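# Fold and contact review
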Amino acid sequence: MSTNLIFYTHPWSRGRTVRWMLEETGLPYQTELLDYGSTMKAPAYRAINPMGKVPAITHGGAVVTEVAAILLYLADLVPENKLAPPPGTPERGAYYRWIAFMAPLEALLTAKSSGALAKPEQAGYGTEADLLATLEGAVQGRTHLAGEHFSAADLFVAASIGFYLQFKLLEPKPAFVRFAQLHAQRPAAQRANAIDDAAAARLQAAQQQAG
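Everything in this summary refers to the structure shown in the same document. Note that the structure is a prediction, hence the values are computed from the model and not measured.

## Notes on the side chain of Ser151
Here Ser151 shows up in the loop between α5 (128-139) and α6 (152-166). Ser151 gets classed as buried once you look at its relative accessible area, which sits at 1%. Not counting chain neighbours up to four residues away, the residues in contact with Ser151 comprise Lys82, Leu83, Tyr95 and Ala146.

Printed below as a string of structure tokens:
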């Protein structure tokens, strides 16, 4: 059975976070770029992700979708890189906590941008004030969220905050800006951005020629 690591993505998608993680692992991987509305919705890719969304990875017989799940999976492939704290430790608990915390954050910001905030007692994200205060408290004055080493939790939180700041979905509080910028300087993050920016430029040029 093949153990090739294949990464399915689009350069302007949540796949940018996974690209960063792949670069952190140092593992060899193959990239399959998909187009919205065409190859992303084609039967060949829906056999991998029936939702027709990116990112996804395949690795041997494993198929992993959803950014958080992919980050967790990749971190465990390279324990020597310390991208995940040891199991059974308080740091491991924090690691899981802050990776999972990005789900209610996204749900809150998506609901807010669409004008469809749910009642706090009905929403998994609770109140906006409580959620954002919790996130701010987590990153305030800290370099790492789970122990003394950079982990996938730092990557996911920094990438998410950076995305929301870029699109003005999150107030640019100093703690948020500092945490996002701090980790965006990592060599793996810069390599990943360069790869995706180049891919985006090629796609744009191809679309202009076709148009």
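## Thoughts on a nonpolar patch on the surface
On the surface, a cluster of nonpolar side chains totalling about 280 Å² of accessible area is made up of Phe163, Phe167 and Leu169. With respect to the helices and strands, the residue Phe163 is situated in helix α6.

## Considerations on the side chain of Asn49
When you line up the elements, Asn49 lands in the loop between α2 (43-46) and β3 (56-59). Judged by its relative accessible area of 5%, Asn49 is buried. Here the side chain of Asn49 touches Lys53 through a polar contact of 2.9 Å, landing on its backbone oxygen.

Basis of the calculations
Residues numbered from 1 in each chain as written. Predicted model: local features only at pLDDT ≥ 70, side-chain atom pairs only at ≥ 80, totals over all residues. Heavy atoms only, no water. Helix = DSSP H or I, 4+ residues; strand = E, 2+ residues; numbered from the N terminus. Buried < 20%, exposed > 50% of the residue type's maximum accessible area, 1.4 Å probe, protein only. Contact = heavy atoms within 4.5 Å. Patch = residues over 30% accessible without salt bridge, like charges linked within 9 Å, V, L, I, M, F, W, Y side chains within 5 Å. Areas by Shrake-Rupley, 256 points an atom, 1.4 Å probe, with all protein chains shown as cover. Salt bridge = Lys/Arg side-chain N within 4 Å of Asp/Glu carboxyl O. Polar contact = N/O pair within 3.5 Å; in protein donor to acceptor, adjacent residues only side chain to side chain.

Note that every value here comes from positions in space, so none of it alone points to a role or purpose.
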